[in-house]
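# Close look at the chain arrangement
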Amino acid sequence: MKLSGGVEWALHCCVVLSQAESPVPTARLAELHGVSKTYLAKHLQSLARAGLVHPTEGRDGGYVLTRAPEAITVLDVVQAVDGTEPAFRCTEIRRQGVLAAPPEQCRSACGIAKVMAGAEQAWRASLSGVTIADLGATIDLAGLKHILATPTT
C-alpha cells in the first residue's frame, strides 16, 4: 500500500495531541515535526472534517482530539487523510483482448481480485487494531510532555 506523506504527519500530530493538556496550535505542531505550517494545516483540516480533531479559537487556540486516544485507530487517520477508496480496483481486464472471457464467466470475482480484496481486508484490520494510545506508548512521553510545556520562541 502506498500512503501519502500526510498520513505520517497526521498520525504524529494525533500522538502529540493525545499527550497535550491544552490545544496545540498548528504552528507548534509544524515546528515539532519540521514541516510547513501550510502543509500540516491541510491535513489537520482533513482530521477535523473526519471528526478526529477539533480546532479551538482564540489566543490559546489550536487542535485537540475529539475523543480518547484509545478510541481513534490508525485506520481512522489513514481514511481521514487519504480517503476510504480501496487500493485495488478491478477493471475486469479478463473481459478484454484475445483472452477475453464471456460475461457469463465473469459473474464472480477472479482470483486476482479475491487476493487483492483479502489483502485490503487484512491491511485495514491491522490498522484498525492499533490506536493512537498504542502509538503513544511507543514514544518518549516524558520528553514530549516537557517539549509541549516549553513555550515557543
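All values derive from a computational prediction rather than experimental measurement.

## Regarding the overall build of the protein
What the protein contains, in helices and strands, is seven helices and two strands. Tracing the protein from N to C terminus, the helices and strands come up as α-α-α-β-β-α-α-α-α. For 153 residues, the compact-globule estimate of 2.2 N^0.38 gives 15 Å, and the C-alpha radius of gyration of the protein, at 20 Å, exceeds that figure by more than 25%. With the C-alpha coordinates aligned to their principal axes, the bounding extent of the protein is approximately 70 × 30 × 25 Å. When each of the 153 residues of the protein is scored for burial, the buried share is 32%. Taking the intrachain contacts of the protein between residues at least 6 apart in sequence as the baseline, contacts between residues at least 24 apart amount to 67%.

## Here's the deal with the nonpolar core
Residues Leu17, Leu29, Leu40, Leu44, Leu47, Val77 and Ile132 are the most contacted members of the largest nonpolar core, which totals 28 residues. Among the secondary structure elements, those contributing two or more residues to this core are helix H1 (5-19), helix H2 (26-33), helix H3 (37-49), strand E2 (62-65) and helix H4 (74-82). Looking at this core element by element, the count peaks at eight residues for H1. Residues within four places of Val77 in sequence aside, it is in contact with Val7, Ala10, Leu11, Cys14, Leu47, Leu52, Ile72 and Ile132.

## Structural notes on the pairing of strand E1 (residues 53-56)
Pairing of E1 with E2, which is carried by four bridges, proceeds in the antiparallel orientation. In the strand pairing of E2, Val53 is matched with Leu65. Adjacent in sequence and paired antiparallel, E1 and E2 are bridged by five residues, among which Gly58 carries a positive phi angle near 100°.

## Some remarks on the environment of Asp82
Take Asp82: it is sitting in helix H4. Owing to a relative accessible area of 34%, Asp82 belongs among the partly exposed residues under this scheme. Residues Asp82 and His43, spaced 39 residues apart in sequence, show a C-alpha to C-alpha distance of 9.6 Å. Ignoring sequence-local partners within four residues, the contact set of Asp82 consists of Leu3, Ser4 and Val7. Looking at Asp82, its side chain comes within polar contact range of the side chain of Ser4, at 2.6 Å.

## Focus on the side chain of Thr131
Locating Thr131 in the fold gives a position in the loop between helix H5 (111-128) and helix H6 (132-136). The exposure class of Thr131 is buried, given its relative accessible area of 12%. There is a polar contact of 3.3 Å between the side chain of Thr131 and the backbone nitrogen of Ala133. In contact with Thr131, not counting residues within four places along its chain, are Pro69, Glu70, Ile72 and Thr73.

## Looking at the confidence of the model for the protein
The predicted model of the protein has a mean per-residue pLDDT of 90, with 93% of residues at 70 or higher. Within the protein, the element-level pLDDT minimum falls on helix H7 (residues 141-149), averaging 69, and the maximum on H4, averaging 97.

Conventions and cut-offs
- The residue count restarts for each chain, going from 1 along the sequence in the order it is written.
- Predicted model: local features are reported for residues with pLDDT of at least 70 only, side-chain atom pairs are reported and counted for 80 or more only, and whole-chain, interface and lining totals are derived from all residues.
- To obtain the side-chain values, all non-hydrogen atoms of the structure were included, while hydrogens and water were left out.
- Numbering of helices and strands starts at the N terminus; helices are DSSP runs of H or I of at least 4 residues and strands are runs of E of at least 2.
- Note on method: radius of gyration uses C-alpha positions; expected globular size equals 2.2 Å times residues raised to 0.38.
- Burial status follows relative accessibility: with a 1.4 Å probe on protein chains alone, a residue under 20% of its type maximum counts as buried, one over 50% as exposed, and anything between as partly exposed.
- Throughout, a residue-residue contact means that at least one pair of heavy atoms, one from each residue, lies within 4.5 Å.
- We call a set of buried residues a nonpolar core when its members are Ala, Val, Leu, Ile, Met, Phe, Trp, Tyr or Cys and they connect through side-chain atoms within 4.5 Å of each other.
- For two strands to count as paired, DSSP must find a minimum of two bridges between them.
- Whenever two N or O atoms come within 3.5 Å, that pair is a polar contact, provided that in protein one can donate a hydrogen and the other can accept it, and provided that, for residues adjacent in sequence, both atoms are side-chain atoms.
- Think of pLDDT as the predictor's per-residue confidence, scored from 0 to 100.

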